[in-house]
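The chain contents come next:
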Amino acid sequence: MRIAVLSDIHGNADALEAVLRDVKRRSPDAIVNLGDCFSGPLDILRAHELLAGAGVTATVRGNHDRALLDPAAMDSWDKMSAPQVTEAMRDWIAALPATAVLDELFLCHATPQDDTGYWLDAYTGDGIARRADLVAIEAKAAGVPQRVMLCGHTHVARMLHLPGGRLIVNPGSIGSPGYVDDPPRGTRRVFSGSPAASYATLDRIGGRWTASLHLVPYDTGPAIALARATGADDWVQALETGWL
Ligand SMILES: [Fe+2]
């Protein structure tokens, strides 16, 4: 059994196209998507088209998906993409669940408790997110009975085996390698350190689940041009370098 795990596409159609090509090569039994599909300055209509044709079995709603339906909750990224959101996208987002269970897998966008918290990462004194303490990670996993837990949101890929054997995987972000938090958290940054698109595959081998993290290079030029045209400087830097 093999599952491909996508997350945080953020409207980056070129990155998604490259990832879907890579996914196809690995012949998964199912594809799941952990949300934040469209928000940002990029080509969300083409991203939606690609996603609709990708054969995704389960998608959970990200905080940015939720915000696209609620003007009061929109931040700067949501406001950039909101004018392009179609009725069909709106209906699709409205039907997404906050969490989902597929076979032995638990899916959420950020944590089992909410869609904005950090699970595997935490901000440190210098305002940069790094791996969280095991005690904090285990506390958020406490109410989840599934052996494999999937989360996105921080855009940083991680695979952690909890003592006792449970597995938590964040596949990283397909379309956005890093971000600066909006004010009042504006000095905080999260980044992957690579401009490549990130996703994961899970394999059940002999009754045990294991994960592989994949970085897929793609031509970032068109996305960088779109971000530059919108004046989204943090996007330009993150797409170019993976650093902020
Ligand atoms: Fe995101």
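Owing to the predicted nature of the structure, the values given are computational and were not obtained by experimental measurement.

How each quantity is defined
Residues numbered from 1 in each chain as written. Predicted model: local features only at pLDDT ≥ 70, side-chain atom pairs only at ≥ 80, totals over all residues. Buried ≥ 20, exposed ≤ 12 C-beta atoms within 10 Å, placed from the backbone. Helix = DSSP H or I, 4+ residues; strand = E, 2+ residues; numbered from the N terminus. Pairing = 2+ DSSP bridges. Axes fitted to C-alpha atoms, helices over the stretch in contact; angles between N-to-C directions. Parallel < 35°, antiparallel > 145°, perpendicular 65-115°, else oblique. Left-handed = near helix turned anticlockwise from the far one by under 90°. Contact = placed C-beta atoms within 7 Å. Nonpolar A, V, L, I, M, F, W, Y, C, P; charged D, E, K, R; others polar.

(A) The pairing of strand 1 (residues 2–6), seen in detail. Extensive coverage of strand 1 is indicated by the burial of four of its five residues. Of the pairings in the sheet, the one linking strand 1 to strand 13 (residues 197–205) comprises four bridges and is antiparallel in character. For Ile3, the partnering residue across the bridge sits in strand 13 and is Leu202. Where strand 1 and strand 2 (residues 30–33) come together, four bridges link them in parallel fashion. By the bridge assignment for strand 2, Ile3 is matched with Ala30.

(B) Looking closely at the sheet that holds strand 10 (residues 167–170). The five strands lie next to each other as 4-5-8-10-9, forming an open sheet whose pairing is mixed. The outermost strands of the open sheet, each flanked by one partner alone, are strand 4 (99–102) and strand 9 (158–161). Each strand axis lies, on average, 15° off the axis of its neighbour in the sheet, ignoring direction. One ladder, built from four bridges, connects strand 9 with strand 10; its direction is antiparallel. Residue pairing for strand 10: Arg158 is matched across the bridge by Asn170.

(C) Spotlight on the packing of helix 1 (residues 13–25) against helix 2 (residues 44–52). Interaxial distance between helix 1 and helix 2 falls to 8 Å at its minimum, and their mutual angle equals 20°. Put simply, helix 1 runs roughly parallel to helix 2. When the axes of helix 1 and helix 2 are compared, the crossing they make is left-handed. Residues Ala13, Leu16, Glu17 and Leu20 of helix 1 pack against Arg46, Ala47, Leu50 and Leu51 of helix 2. Classifying every residue of the contact of helix 1 with helix 2 gives six nonpolar, no polar and two charged.

(D) Spatial organisation of the sheet that holds strand 13. Strand order in this open sheet of five strands is 3-2-1-13-14, and the pairing throughout is mixed. On the outer flanks of this sheet lie strand 3 (58–59) and strand 14 (208–216), each paired with one strand and no other. In this structure, strand 13 lies alongside strand 14, joined through nine bridges in antiparallel fashion. Bridge pairing in strand 14 places Arg204 opposite Trp209.

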